[in-house]
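Geometric and topological summary
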Amino acid sequence: MNNRRCLLSFLLLTIWLLTSCKQSTVYFHYEDTPESGWEKNDELFFNISKFDDEVSCQEELALCINNKYPFRRLTLIVQQTVFPAGNSMTDTLDCNIVDERGNAIGQGVSQYQYLFPLKSLQLHRGDSLHLSVHHDMKREILPGITSVGIKLKKK
């Protein structure tokens, strides 16, 4: 019986090590928005420190939205700069939040999570990345957006 436990423990440890070594997420961080609503001129900043190795990655923008969000879509402006080269890029992201029947497209029940693809990046050793995100909606203050995140995954 001890040998079976030992073998089972060894197998579980091996499986855990193999799956954890293939982790593809390089960076994933959320910034919260004010409970009173996200103001149009309030930018959320993400500073990703220097990379130790060259990496090819896919960027994704993550959103957490609750039932107080009043619209079907959300337009976001994502500005990013890769240092030390200083290469800057700006993207306008048009996000579908609710389908034509009024149902949230995201995952969740009263708090919904969304992931929207951005760019593919080739980052070099020593590069760092600075991103800012703000909304571009007609309403000055948007209720219901609880947090915005950036995710980088290895390709």
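Residues numbered from 1 in each chain as written. Predicted model: local features only at pLDDT ≥ 70, side-chain atom pairs only at ≥ 80, totals over all residues. Heavy atoms only, no water.

1. Observations regarding the nonpolar core
We count it as follows: The set of buried Ala, Val, Leu, Ile, Met, Phe, Trp, Tyr and Cys residues whose side-chain atoms join them within 4.5 Å is what this entry labels a nonpolar core. Between buried and exposed lies partly exposed: a residue is buried under 20% and exposed over 50% of the maximum accessible area for its type, with that area taken using a 1.4 Å probe on protein chains only. Each helix is a run of DSSP H or I of at least 4 residues and each strand a run of E of at least 2, with the numbering of both proceeding from the N terminus. What makes two residues a contact is simply this: any of their non-hydrogen atoms within 4.5 Å.
Counting 34 residues, the largest nonpolar core has L61, L63, L74, L76, I97 and V133 as the members making the most contacts within it. Put simply, the parts of the chain that give this core at least two residues each are β3 (44-48), β4 (55-66), β5 (73-83), β6 (87-96), β8 (111-123), β9 (128-135) and β11 (145-154). It is β8 that contributes the most residues to this core, 6 residues altogether. With residues up to four places along the chain from it excluded, the contact list for L61 reads L76, V78, L93, Y114, L115, F116, L118, V133, V148, G149 and I150.

2. Considering the sheet that holds β6
Heads up, the rule is: Strands are treated as partners if at least two bridges between them are detected by DSSP. Orientation is described by axes fitted as lines to C-alpha atoms, over the contacting stretch for helices, and by angles from 0 to 180 degrees between their N-to-C directions.
Read across the open sheet, the 4 strands follow the order β3-β9-β5-β6; overall the sheet is antiparallel. The sheet terminates laterally at β3 and β6, the two strands that pair on one side only. Between one strand and the next, the sheet's axes are offset by a mean angle of 20 degrees, whatever the strand orientation. Where β5 meets β9, 8 bridges bridge the pair, whose relative direction is antiparallel. When the sheet's bridge partners are listed, V82 is paired in β9 with L129.

3. Re the environment of T92
With respect to the helices, strands and loops of the structure, T92 is situated in strand β6. Judged by its relative accessible area of 58%, T92 is exposed. Once you skip the residues sitting within four places of it in the chain, T92 turns out to touch T75, L76 and I77.

4. Focus: the sheet that holds β8
Reading across the sheet, the 5 strands line up as β1-β11-β4-β8-β7 and stay open at both edges, with antiparallel pairing between neighbours. At either margin of the open sheet sits one strand with a lone partner, and together these are β1 (25-32) and β7 (107-108). One ladder, built from 2 bridges, connects β7 with β8; its direction is antiparallel. Following the sheet pairing, G108 is matched in β8 by Y112.

5. Notes on the pairing of β3
Across the two faces of β3 the burial differs, with L44, F46 and I48 buried and F45 and N47 not buried at all. In the sheet, β3 pairs with β9 via 5 bridges, with the strands oriented antiparallel. Each residue of the ladder has a partner; that of I48, found in β9, is L129.

6. As for the packing of aromatic side chains
Selection criterion: A pair of Phe, Tyr and Trp rings is counted when the ring centres sit within 6.5 Å of each other, with Trp represented by its six-membered ring. The angle between the planes then sorts it: under 30 degrees is stacked, over 60 is edge-to-face, the rest tilted. The rule for a charge over a ring is simple: NZ of Lys or CZ of Arg within 6 Å of the ring centre, and within 35 degrees of the ring normal.
A full pass over the atoms with the stated rule returns 3 aromatic pairs. The interplanar angle of 40 degrees and the centroid separation of 5.4 Å between the aromatic rings of F28 and Y30 together place this pair among those described as tilted. Looking at Y30, the relative accessible area reads 28%, which means it is partly exposed. With a centroid separation of 5.8 Å and 75 degrees between ring planes, the pair formed by Y69 and F71 is classed as edge-to-face. Relative accessible area serves as the criterion here: at 30%, F71 is assigned to the partly exposed category. The ring of F28 is capped by K151, whose NZ or CZ atom sits 5.1 Å from the centre of that ring.

7. A closer look at the confidence of the model for the protein
Where we set the bar: Confidence scores here are pLDDT values: one per residue, from the predictor, ranging 0 to 100.
Mean pLDDT over the protein works out to 88, with 85% of the residues at or above the 70 mark. Low pLDDT, under 50, characterises residues 2-21; the stretch is placed with 0 contacts to residues that sit more than four places away or in other chains.

8. Some points on the environment of F71
Among the secondary structure elements, F71 is positioned in the loop between β4 and β5. Among all residues touching F71, those that are not within four sequence positions of it are I97, V98, M137, R139 and L142.

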